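Now for the letters of each chain:
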Amino acid sequence: MFEQDGVLYRQINEQGRSDYEQMMQSGLYARLTRNGFLVQHEEVAKEKLGLDTDQTYRILQPARINFISYPYEWSFSQLKDAALLTLDIQLTALEHGMTLKDASAYNIQFEHGLPIMIDTLSFESYQEGQAWVAYRQFCQHFLAPLALMAKKDVRLGRLLTNYIDGIPLDLACILLPCSTRFSPGLALHLHIHARTQRAYSETLPDKSRGKSRARAVSRTGLAGIVQGLRRTVNKLNCRFRASEWGDYYDSTNYSRAAFETKRSLVRQYLETVKPSRVCDLGANTGEFSRVASEMGSYTVSFDIDPVAVDMNYRQVRTKKEHNLLPLLQDLTNPAPGLGWESRERCSLIQRGPVDCVMALALVHHLAISNNVPLDKLASFFDKLCTYLIIEFVPKQDSQVQRLLASRDDIFDAYDQAHFEAAFSRFFSIRRSEVIRDSYRVLYLMKKIEG
Amino acid sequence: MSKLIRHLMVVFLLTGLMLLFAGNAYAYLDPGTGSMILQGILGGLAAAVVVARLYWRRLLSFFGFRKDKPRDELPENKDSSDTDTQTYASDGKYGRK
């Protein structure tokens, strides 16, 4: 994989030739791309890129994904859909005499509101009797986190940030409730799987006899395993406990009039900016993200609450919303760079900047609950965007009063004048309007260049 | 009744498998070997289930309890006719035009 003049290419070496040819000629590529399962690509003449080496067989230019996201930023339903897609791709591949050699969750991205596989070179020729080499990876990347989220607590999905190759099965089994031992799918693919791993951990795979020994899996058996995994994943559902996440959704601080004013102001601001990409930070279930996405901007809708993100995603899926991507993000601890040299997975800031950031009803959470000084907030937004639509929520507001009720008011500098002064260091204020029926002010700002 | 029997069989099988792999090991060399071996066993079971279902259906249709649908009963196609696995491809969930 390499980038040249801002375009992403993939290089296939001679070793990958036969697998690639089989994928293209068996009709697998056509079928997967037609169903929207696999990203499309074009073949590029290698001479054009000055790469005419003997080892290079083909150069591919895959269609670009709008915004790269990672499994630890997905909600439960997103991870589940990505898992089902991976299994469906494996079943399709088997029908074409091929098999997936990777089942990494990082090979799935979300585009047009739906999961799509981006690794065109994950397919290899299937040999009768061969087990699924990616079985363990599938269980670690998908089944273990999904089971933990569904059977224990939805927040355990965050473990994926720590374990870049998926959650170790023995750890998942310790955390899962005992009842999962009696659910056939979870017992086989997680509990017994972890035990066999431990039992054979000192046995080195025997390459000479490997395929002919008891490990030989018939094609019917292999399809049966994948179907079984699919049924197991399909049955997992997250019951969000209402008491924990409670009244998040109804307790807005707005009268109907204030809400409508705010919505029409956001629309006006967006119309002046006409951004192609928008990030909505603290989007909740995406009410205002939809103002942007419906105007044609590709919108990433971030929130800290897994339940809100899941509701948002399910709405995207049901209504087939093509340019909205809901993601989990804790802005007080945003996604870091991870993996080898911390560069395999990009941090949130590395994946920016975008044309426009919306931060509605967010500032008071960061400044008061999380004690971030206003100038630090301003410099954070400066890294993220060119235009900023931001709502200032003053101390008189009942939401801020609620936050202050449980802590000392040490926030002398938290007022509109200080807010404007802090942000004016990085942004020029283009518009500011008081939202009717409230004390809140909605700003449109533009980054000061240079 | 048959559901109860199936359930008992599953519990019996799971207990057996758990006892089988109850050994203690220390170092964590390569978890890959165990995954391969487990697939050998699971694959065998899955294939056996498919074959058993195939003959069960044939038996039923022989006694006239069930309409014979020969195309669906080939082992390869068997699983995709399961009612609880809806394929995304057919309901167009992933499909986009």
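Residues numbered from 1 in each chain as written. Chains lettered and ligands numbered in written order. Predicted model: local features only at pLDDT ≥ 70, side-chain atom pairs only at ≥ 80, totals over all residues.

**As for the pairing of strand β6 (residues 108-111) of chain A**
Residues and elements named next belong to chain A. In this structure, β6 lies alongside strand β7 (residues 114-117), joined through four bridges in antiparallel fashion. Looking across to β7, one finds that isoleucine 108 is bridged to methionine 117. Hairpin geometry of β6 and β7 is characterised by an intervening segment of two residues between the two adjacent antiparallel strands and by a positive phi of about 55° at histidine 112. (Pairing = 2+ DSSP bridges. Helix = DSSP H or I, 4+ residues; strand = E, 2+ residues; numbered from the N terminus.)

**Some remarks on the sheet that holds strand β15 (residues 441-447) of chain A**
Residue and element names in this part refer to chain A. A sheet is described by the order of its strands in space; here seven strands give the open sequence β11-β10-β9-β12-β13-β15-β14, paired in mixed fashion. Taken across any chain shown, the strands that pair with only one partner, and hence form the sheet edges, are β11 (324-328) and β14 (427-434). Across the sheet, the axes of successive neighbouring strands diverge by a mean angle of 15°, strand direction being ignored. Sheet topology places strand β10 (residues 298-303) next to β11; five bridges connect them, and they run parallel. Following the sheet pairing, threonine 299 is matched in β11 by leucine 324. (Axes fitted to C-alpha atoms, helices over the stretch in contact; angles between N-to-C directions.)

**Details of the confidence of the model for chain A**
Averaged over chain A, the pLDDT score is 91; the fraction of residues at 70 or greater is 94%. Segment residues 208-214 of chain A is flagged for pLDDT under 50; beyond a separation of four residues in sequence, or across chains, it makes seven contacts in the model. (pLDDT = per-residue confidence, 0-100. Contact = placed C-beta atoms within 7 Å.)

**Looking at the domain arrangement of chain A**
Residues and elements named next belong to chain A. With domains assigned, chain A is organised as domain 1 (67-235) and domain 2 (249-447). Using only C-alpha atoms to locate each centre, domain 1 and domain 2 end up separated by 36 Å. Grouping the constituent residues of the side of domain 1 that touches domain 2 by class yields eight nonpolar, seven polar and two charged. (Domains from an automatic or database assignment. Nonpolar A, V, L, I, M, F, W, Y, C, P; charged D, E, K, R; others polar.)

**Some points on the sheet that holds strand β1 (residues 2-4) of chain A**
Residue and element names in this part refer to chain A. Pairing in this open sheet of four strands is antiparallel, and the strands run β1-β2-β4-β3 from one edge to the other. In this open sheet, the two strands that pair with only one neighbour each are β1 and β3 (41-44). Between one strand axis and the next, the sheet turns through 40° on average, direction left out of account. Looking at chain direction, β3 and strand β4 (residues 56-62) are connected through four bridges and run antiparallel. Residue histidine 41 lies in a different strand from β4, and its bridge partner there is proline 62.

**With respect to the packing of helix α3 (residues 76-95) of chain A against helix α4 (residues 135-151) of chain A**
All names here are of chain A. As a packed pair, α3 and α4 sit with axes 10 Å apart at the nearest point and diverge in direction by 145°. Taken as a pair, α3 and α4 cross one another with a handedness that is left-handed. Contacts between α3 and α4 involve Phe76, Leu79, Lys80, Ala83 and Thr86 from the first element and Phe138, Phe142, Pro145, Leu146 and Met149 from the second. Each residue belonging to the contact of α3 with α4 can be placed in one class, and the counts come to eight nonpolar, one polar and one charged. (Left-handed = near helix turned anticlockwise from the far one by under 90°.)

**Concerning the packing of α3(A) against helix α12 (residues 306-318) of chain A**
Residues and elements named next belong to chain A. Direction vectors running N to C along α3 and α12 enclose 55°, while the axes themselves pass 7 Å from each other. One element, α3, and the other, α12, form an angle in the oblique class. Every residue of α12 that contacts α3 at Phe76, Ser77 and Gln78 is listed here: Pro306, Asp310, Tyr313 and Arg314. (Parallel < 35°, antiparallel > 145°, perpendicular 65-115°, else oblique.)

**What to know about helix α8 (residues 219-235) of chain A**
Its 17 residues place the ends of α8(A) 24 Å apart at the C-alpha level, agreeing with the 24 Å of an ideal helix rising 1.5 Å per residue. When you tally the buried positions in α8(A), you get 13 out of 17 residues, the bulk of the element. (Expected span 1.5 Å × (residues − 1). Buried ≥ 20, exposed ≤ 12 C-beta atoms within 10 Å, placed from the backbone.)

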